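Here are the chains, one letter per residue:
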Amino acid sequence: METTVIGKGLPKVDAWAKVKGNIVYADDFTLPGMLYAKVLRSKYPAARILAIDTSKAEALPGVQAVLTAKDVPNNNLRAKFGQSTDVGAQFEGLYRVLAEGKVRFMGEAVALVAAESLKVAEEALDLIEVDYEPLPGVFDPEEALQPGAYPVGENESNVVSRFKVRKGDVEAGFAAADVIIENTYRVPFVDHAYLEPESGVAWLDEDGVINIRVSTQVIEHFRTVAEVLGLPQNRVRVIGTWLGGGFGGKEDITVESFLALLTWKTGRPVKLTYTREESILAHSKRHAYVMKYKTGATRDGRLVALEAELISDAGAYTYLTPWVLLYSTVNATGPYDIPNVKVDTVAVLTNNPFGSANRGFGAIQPNVAYESQMDELARVLGMDPLTIRQKNCLRQGGSLATGFTFDRYVAVADVAEKAWQALGPVQENEDKNIRLGRGLAVGLMSYGRLTFLHDSSRSYVKLELDGSAVIRCGVPDLGGGQAQSLCQIVAEELGIPLEKIKIYIADTALTPLAGTTTATRQLYMSGNATLKAARELKERLLTKAAAMLGVRVAYLKIANEGIESTVDPQQRISLKEVINACATEGIELFCEAQFNAPFTEVPASEVISGRTFADFTFGAHAVEVAVDVETGAVEVRKLVACYDVGKAINVLNVEGQLEGGAIYCLGYALMEELAVEQGRIKTPSFSEYLIPTSADVPDVETILIESGAGLGPYGAKGVGEPACNSIAPAILNAIRDAVGVRVTSLPATPEKIALALRKEQ
Amino acid sequence: MSSFAYAVPKTKDEALALLNELGPGGRVVAGCTNILPDIRAKKITACTLVDISRLAELKGINVRGEKVTIGSLTTINELLHSEIVANHGQVLWQAGQRFADPLVRNRATIGGNLANASPAADGVVPLLALDARVMVASLAGEREIPVDAFFTGPGKSVLQPNELITGVSFAKTTTMKSAFIKFGLRKAMAISLASIGLVVGLKGDKVDQVRIALGALAPTPLRARQTESYLAGNTLTPAVVARAQEIVRTEVKPISDVRASQEYRLHLTGVLLKRAFEAALA
Amino acid sequence: MELQKEITITVQVNGRPVTAVVAPEESLLEFVRNRAGVTDVKCGCNKGDCGTCTLVLEGQPVKSCLVLAAQANNKEVWTVRGMAADPLMQALQESFATHGAVQCGFCTPGMLVAARSFLAHHQQPDREAIKEALSGNLCRCTGYKKIVDAVAAVAASQASARD
């Protein structure tokens, strides 16, 4: 298909305001008479609250409200994430606004303060007296699974969810295997480390509607906020700001309920912004996992059996844990065709920080394990990393162990080969302390939400009389170009230059709800909804133009703000004239369209089978590392990311996702760990929780394959989250190649490598 | 009302008088790269901030004869732009390049790095290797303290509340070889897991003078005196270096913390020693 | 010697004098955001670990969360918004936009200030030098490649303009 705007690396609609420093992020916004909020947080990871005395805090001059659980109309709810269908208790956990009874994690919100100044609010926190009875708690997920373990909740089991995958007969499979590799892998909690801490401002408008202007990935939380306050849903409005990063960490409710409660109580505007330390304490983490893997293959390198047992540390509250675990379950085999599979996964509550969404959402953890296993198999079998993957990877027509069948192009073999070859010839290593090594890993990850969530998105496109266009779509923009893609789609379809398109996003009152900016779904879902709306409008314009020009619609095209005959370009009419003609005749110049993903039923049992996702994105990473054999330090010298993106709507943005995703999880591989000891975070700020700086990273080389096989507009696939798959195991495999050390627990710190090397000597 | 107070003395003498008056309630501030995080973390809850950042008399880098003098308010970035430091105090210049990050280097001062007394201070380890002296003033007069005797523990030094660091001085190392190596968990904005500053002079193929300073390996930055004595007069053969690595590991007392274990820091100590000699003599 | 609990200061923020009464421990970052209303300077960590609060003080880029507001009394402070007419800043802004160096944009103002100061003093930096110069400014979105691309492109055009 010939395109004029789609595929181009054009600057984003938000880029200019961002480089000029003009974007008003959540904390940049203030209102007259605004109060400042602070949250009192638990000092213990496990304790019973015996009493809370707020009288001294309330008496402090300047304090306007002090709230605890008893002040919250509905303090205990089911956590929702924008889905409009009821998915049942097994997929929805407790959302507790403020701690009551038991405190479950260090940093849990206990009380709220709103005061005339931030300083007074901080002082008031110190005056709230909480009488805690410390409880033993449980901090190890395997221990939490044992009978008689400390119950994290009141009385319910610590088990959040269990899933299974069963295919063939693994016993027989392993019996037929010539080689069996068994390892246990551990991955830690990690933080999203978006640079903008959680923030928002709330106010009551003249009709008594609570407005919350907030940095969130999910404006649909307005419904939960309404439920917290016992208000009708149309009495809460969420206005999403341009986010200073999200990565899944702003998918759960953060400050919204707190702000709404304080505004409701005081009648005043209220601002709440977390400090960095508070952000690390308060928001979700990527789940820590223990993964026991057993993989069997025949002498010629064919996989015959895989058995995996995954234990997910859910931390103190459920949030998105069941969904994340389901992703891990389906992804546990990787993109491989394996005849015999047995996967058992379990997520368990502990008194650690709670786990929830983090870019990669449960696909990342098993990827570390299965791709390390593949590498070890290849070594034992004397095969190269590319061959063993190509021999076993899924292809079009193949199926996952759950039974999901790929009826479209499966790019695994292709991306693996292109990434691996792009590393180029091996260079001379001149430093006696350095060993070079190369690693390859592939991965798959879904885009679009779990199909039983019955996901949909809506978008509205309108033409103005002067030939400009307006898009209204409730997408939160995290910086990934979510808004830009929609503008490019409309520009392409309606032949309007980008600068004549204005998009309004992320407002529950004024933009059609487009669903969450999570699950790598916005281009797929809202892109399709916008495309549908734009094409409907295009059809009306072409029909009108056909009448005006006396040319059949089939011979007309829309381009450069006009409609012209494909046979005789002299037969042309400006878009503005067509629009005016439509307006005069009452032909609607707007369209709101809805796109629905495929719908399936909620899984009826623990055994997962059939379609759980709409589609998958496939990618590969190849890396070259330099390992210092004495210090154990690892430097990634080359990094290639090759993905089948379906179709690049904006090539700069797609590359940006692949580059950023690779470095996001280069940090996971080499330096990031939210260290937790007995429920206490030992890396409480960016001084201890280290993410890569510009000096730590190679220039990521990206290779885009455009198969057109995606379900998104123009055959696009989603890449935001898949982009950070497979980088960590590629690095681990390269370290193994360089110095012979198989690191089985992330991060691969210099210490782990150096001490392993010394042990070998 | 704030629990803090602020004062801007216009001269060094005014600052000294004020510090004398305030005693432990006064805190000297200049670059503020350490104190502001400490205030926010409530490690410091009340004091008078005595801002010396405008005292021009505490700035500047000078050479007189064999002696280099650096005013305490000199920033790390100023050190990096000083030919005097680059030519006559090379190890300090080398360390400056690994100090925090380029933005912090514009604010952090050499005096502040001393006063903060972190065992991992990247500005202090090279001063130890230079055998520098800290110049300190109070109303009672001036005194000089060898850097080696300046620190008493993490965050602690012999500096009295009524005293002000006015500068540091050291003998030129123009003809000697130097190296500074920092090992951190990333390449910028990292706290040293272990660091080494080395100044070495050879006579023929034998070590003539040698000063080895180590950071983040004990409660204070320290000189590896026994290793130095062993090496003095020796030729740097692989066997001698290996023996020196053994000795230096007995001189340090690293801790285990969230960044690294004691075992690994001990391992690094030997590696850094060897590499410092390799780098200095390359 | 006067000990002040409240300090009246005047800072030239982007060429405009801003006078306010500040507490001794108030940071320049707080002053610029809350008193001067110049919010392109961000607060990402308030501890000197992220660089989102980078601005120019007395001609040098600094992390404003690590400067006392009182220390900026009678001094000049410049942020991205105040550099709108600066040709080098304009070149960098355009380069960031057209190279896709901006994702969420939260690090962007600080990154631009650091990059501008660096390029003003370095004629033909290579990619490694650019990475080192920006190593005090974290970015979580881009993986840095396109930021380095954007800065390198401006450096190259500066160099060719001199030839």
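Residues numbered from 1 in each chain as written. Chains lettered and ligands numbered in written order. Predicted model: local features only at pLDDT ≥ 70, side-chain atom pairs only at ≥ 80, totals over all residues. Heavy atoms only, no water.

*Asks:* I tried to follow the overall build of chain A on my own but got confused; where do I start?
*Replies:* The helix and strand tally for chain A stands at 18 helices and 30 strands. For a compact globule of 761 residues, the expected C-alpha radius of gyration is about 27 Å, and chain A comes in at 27 Å, within 12% of that figure. Seen through its principal axes, chain A has C-alpha atoms that stretch 85 × 75 × 55 Å. Per-residue burial for chain A yields a buried fraction of 66% across its 761 residues. Summarising the internal contacts of chain A: among those between residues at least 6 apart in sequence, 80% fall at separations of at least 24. Averaged over its 75 positive side-chain charges, chain A has a centre that lies 2 Å from the centre of its 95 negative ones. (Helix = DSSP H or I, 4+ residues; strand = E, 2+ residues; numbered from the N terminus. Rg over C-alpha atoms; globule rule 2.2 N^0.38 Å. Buried < 20%, exposed > 50% of the residue type's maximum accessible area, 1.4 Å probe, protein only. Contact = heavy atoms within 4.5 Å. Lys, Arg positive; Asp, Glu negative; His and termini not counted. Charge placed at Lys NZ, Arg CZ, Asp CG, Glu CD.)

*Asks:* Sorry if this is basic, but what is going on with the domain arrangement of chain B here?
*Replies:* Many descriptions give the size of an interface as the accessible area lost when the pieces come together. Residues and elements named next belong to chain B. Under the domain assignment, chain B is made up of domain 1 (4–51), domain 2 (56–171) and domain 3 (177–281). For domain 1 versus domain 2, the distance between C-alpha centres works out to 19 Å. Carbon and sulfur atoms supply 63% of the area that domain 1 and domain 2 bury against each other, a total of about 1300 Å² over both sides. When residues of domain 1 are sorted by the area they lose upon contact with domain 2, Lys-12, Leu-16 and Thr-33 head the list and together hold 40% of the total. Across the domain 1-domain 2 interface, the total number found is 1 salt bridge. The shortest N-O distance in the salt bridge between Lys-12 and Glu-142 comes to 3.2 Å. Summed over the shared surface of domain 1 and domain 2, the result is 4 residue pairs in polar contact (both at pLDDT 80 or more). Per-class residue counts for the side of domain 1 that touches domain 2 are 7 nonpolar, 6 polar and 1 charged. (Domains from an automatic or database assignment. Buried area = accessible area lost by both parts, 1.4 Å probe. Salt bridge = Lys/Arg side-chain N within 4 Å of Asp/Glu carboxyl O. Polar contact = N/O pair within 3.5 Å; in protein donor to acceptor, adjacent residues only side chain to side chain. Nonpolar A, V, L, I, M, F, W, Y, C, P; charged D, E, K, R; others polar.)

*Asks:* What is the right way to look at the packing of helix H16 (residues 651–670) of chain A against helix H17 (residues 727–739) of chain A in this model?
*Replies:* Geometrically, a packed helix pair is captured by the angle between its two axes and the distance between the axes. Residues and elements named next belong to chain A. At a closest axis distance of 8 Å, the pairing of H16 and H17 adopts a crossing angle of 50°. Considered as vectors, H16 and H17 are oriented oblique to each other. The element H16 and its partner H17 pack so that their crossing is right-handed. Residues Gly-661, Ala-662, Cys-665, Leu-666, Tyr-668, Ala-669 and Leu-670 of H16 touch H17, and the partners they reach there are Ile-727, Ala-728, Ile-731 and Ile-735. Looking at the contact of H16 with H17, its residues break down into 10 nonpolar, 1 polar and no charged. (Axes fitted to C-alpha atoms, helices over the stretch in contact; angles between N-to-C directions. Parallel < 35°, antiparallel > 145°, perpendicular 65-115°, else oblique. Left-handed = near helix turned anticlockwise from the far one by under 90°.)

*Asks:* What is the right way to look at the interface of chain A and chain C in this model?
*Replies:* Contacts between the two partners involve 52 residues from chain A and, on the opposite side, 43 residues from chain C. Summing both sides of the interface, chain A and chain C together bury roughly 3700 Å²; the carbon and sulfur share of this comes to 56%. It is Val19(A), Leu195(A) and Ser694(A) that lose the most area in chain A upon contact with chain C, and together they represent 19% of the buried surface on that side. Where chain A packs against chain C, one counts 10 salt bridges. On the surface where chain A and chain C come into contact, there are 30 residue pairs in polar contact (both at pLDDT 80 or more). Counting only elements with at least two residues in the side of chain A that touches chain C, the list comes to helix H1 (15–19), helix H8 (276–282) and H16 of chain A. The element that contributes the greatest number of residues to the side of chain A that touches chain C is H16(A), accounting for 8 residues. Class assignment for the residues of the side of chain A that touches chain C results in 23 nonpolar, 13 polar and 16 charged.

*Asks:* Explain the packing of aromatic side chains here, please?
*Replies:* Ring pairs (aromatic) are described by centroid distance and by the angle formed between their planes. Summed over all chains, the structure comprises 24 aromatic pairs over all chains. Centre to centre, the rings of Tyr25(A) and Phe106(C) are 5.2 Å apart; their planes meet at 85°, and the pair counts as edge-to-face. Of this pair, Tyr25(A) sits in the loop between H1 and strand S1 (35–41) while Phe106(C) is found in the loop between helix H2 (87–98) and helix H3 (108–121), placing the two residues in two different chains. A residue is classified by how much of its surface remains accessible, and Tyr25(A), at 2% relative accessible area, is buried. (Phe/Tyr/Trp six-rings, centres within 6.5 Å; stacked < 30°, edge-to-face > 60°.)

*Asks:* Looking at this structure, how should I read the interface of chain C and chain B?
*Replies:* Each partner contributes to the interface: chain C provides 37 residues, whereas chain B provides 38 residues. Among the residues of chain C in contact with chain B, Met1(C), Leu66(C) and Gln71(C) are the three that bury the most area, contributing 22% of the side total. Put simply, Glu132(C) and Arg105(B) hold a salt bridge, and the shortest N to O gap is 3.2 Å. At the boundary of chain C with chain B, the tally comes to 14 residue pairs in polar contact (both at pLDDT 80 or more). Broken down by secondary-structure element, the contributors of at least two residues to the side of chain C that touches chain B are strand S3 (54–57), strand S4 (60–63) and helix H4 (127–133) of chain C. It is S4(C) that contributes the most residues to the side of chain C that touches chain B, 4 residues altogether. Along the lines of polarity and charge, the residues of the side of chain C that touches chain B split into 17 nonpolar, 11 polar and 9 charged.

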